[in-house]
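# Analysis of the macromolecular model
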Amino acid sequence: MTLIPTDLSASRLSDAVRDPNREIAASSRVIDLSVGIVVCIPCFRRPQHLRLTLESLASQRTPRSFAVVMVENDAARRESAPVAAEYLAAGRLQGICLVEQRQGNCQAINAAFETAQALFPAATRFLMIDDDEIASPDWLELMVRTAEATGADVVGGPVLPDFDDDSQPWLSRHPAFRPAYDYSGAVPLIYGCGNCLITRAAFDRLGSPAFDLRFNFLGGGDCDFFVRCRDAGMTFHWTTEAVITETVPQSRTSLGWIARRGLRIGAINYRVQYKAAQGVAARVRVFAQMLGRLPLSLVRAARLLATSKAVVAMHPVMVALGSLLAALGIEPKPYEASKIVS
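Think of each chain on its own: its residues are numbered from 1, step by step along the sequence as written. Residues qualify for local features only when their pLDDT is at least 70, as the model is predicted, and side-chain atom pairs are given and counted only at 80 or more; totals for whole chains, interfaces and linings, by contrast, use all residues. Neither water nor hydrogens contribute to the side-chain values; these are computed over all heavy atoms in the structure.

### So, the UniProt feature "domain: Glycosyltransferase 2-like" (unreviewed entry) in the chain
UniProt positions are given in the numbering used here, feature names are shortened, and annotations may be inferred rather than shown by experiment. When the UniProt feature table is mapped to this numbering, "domain: Glycosyltransferase 2-like" (unreviewed entry) covers residues 39-205. Strand forms 25% of residues 39-205 and helix 33%; the C-alpha atoms that close the span are 20 Å apart. A helix here means a DSSP run of H or I that spans at least four residues, while a strand means a run of E at least two residues long, and both kinds are numbered starting from the N terminus.

### Here we look at the packing of helix H7 (residues 221-231) against helix H8 (residues 255-276)
Every axis in this analysis is a line fitted to C-alpha atoms, fitted for helices over the stretch in contact. Angles between the N-to-C directions lie between 0 and 180 degrees. Interhelical geometry of H7 versus H8 gives an angle of 35° and a closest axis separation of 10 Å. Read as a crossing pair, H7 and H8 show a hand that is right-handed. Two secondary-structure elements touch here, H7 through Cys223, Asp224, Val227 and Arg228 and H8 through Ile268, Val272 and Lys275. Its residues assigned to classes, the contact of H7 with H8 comprises four nonpolar, no polar and three charged. In this scheme the crossing of two helices becomes right-handed for a clockwise turn of the near helix relative to the far one and left-handed for an anticlockwise turn of less than a right angle. Contacts were defined at the residue level, with two residues in contact if any of their heavy atoms lie within 4.5 Å. Each residue gets one of three labels, nonpolar for Ala, Val, Leu, Ile, Met, Phe, Trp, Tyr, Cys and Pro, charged for Asp, Glu, Lys and Arg, and polar for the others, Gly among them.

### Digging into the pattern of salt bridges
The term salt bridge refers to a side-chain nitrogen of Lys or Arg lying within 4 Å of a carboxyl oxygen of Asp or Glu. Summed over the entire model, instances satisfying the criterion amount to 24 salt bridges. When the shortest N-O distance is used, the salt bridge between Glu141 and Arg145 registers 3.1 Å. In this pair, Glu141 and Arg145 are both assigned in helix H5 (residues 139-150), four residues apart and thus about one turn of the helix distant. Assessed through its relative accessible area of 8%, Glu141 is described here as buried. Between Glu246 and Arg252 there is a salt bridge whose closest N-O contact spans 3.6 Å. Between buried and exposed lies partly exposed: a residue is buried under 20% and exposed over 50% of the maximum accessible area for its type, with that area taken using a 1.4 Å probe on protein chains only. For Arg252, a relative accessible area of 24% puts it in the partly exposed group.

### Details of H7
With eight of eleven residues buried, H7 is to be regarded as a mostly interior element. Among the residues making up H7, those that are buried are Gly221, Asp222, Cys223, Asp224, Phe225, Phe226, Val227 and Cys229. Those residues of H7 that are buried are in contact with helix H4 (105-119), strand E9 (154-156), strand E12 (195-199), helix H6 (200-206), strand E13 (236-238) and H8. Downstream of H7 by a residue or two, Gly233 has a phi angle that is positive, lying close to 90°.

Quick look at the structure:
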């Protein structure tokens, strides 16, 4: 175990945060540089919920030592930093909170993973949880145990919605809220980093920055990252027991928000596929596929109407429409600060 008192190790911390657009806002009194596990938490204007997230991490049932790296992505207001500092100063968690001055989803996630790798050279497994999520008590243990047992490069788990408005429980079955898989085992791909474990070897193979900044305001940098992992021959495993719950405010259960979510998924699908296409001919095929999916989505929606509510049936249409709009250069930017409701 290599312990450093952080008030005496400013140079060590500075070495881990070399980027001039990043600065350390808080750190625990002691940091164990020998930890093999780091949990990364991008933070943006949700200080009250961040407290719940950190409490769930401080209460993990595991004998394993781990650290946290939090990234405050609102350099002006910095509402998350005092909450992070509280947990770090009290010794409830060890690690650091830094401020990433460049706003955007991928900027924050890259800052977290890059700093975690630099500050904790012995760490080989990096997990992520968002600041609107709560980890179940055995989450970390289950994720790491799965990685050890399977040798997977990437481990994923379900993010289950916890609706503030519980009057529509059927929404949990909507594709916007439903986990990708309902079984544990090897899977071809995972799509989001809100509940994931990534090995250092995976980061080393793909290079830096891990999350493509072209997805910074659209979202989907995680999907692009995992597609590149798959194309590089890496393996994925899913563990249904490693549950994270996501607090879903009432504003995210409106018809308008759900429709916009479908459009964004479609735009991400197009952007990821277009980026992966090699050459003009391949990109033309991607464009043609986007055009063809819209009429097919209408057929699928009509079939879904027989067994599902209209808001579920319209999802494939919104996804197809989002892909088509993206192919025409029209994309949403939900991760711009001006688009995010505090």
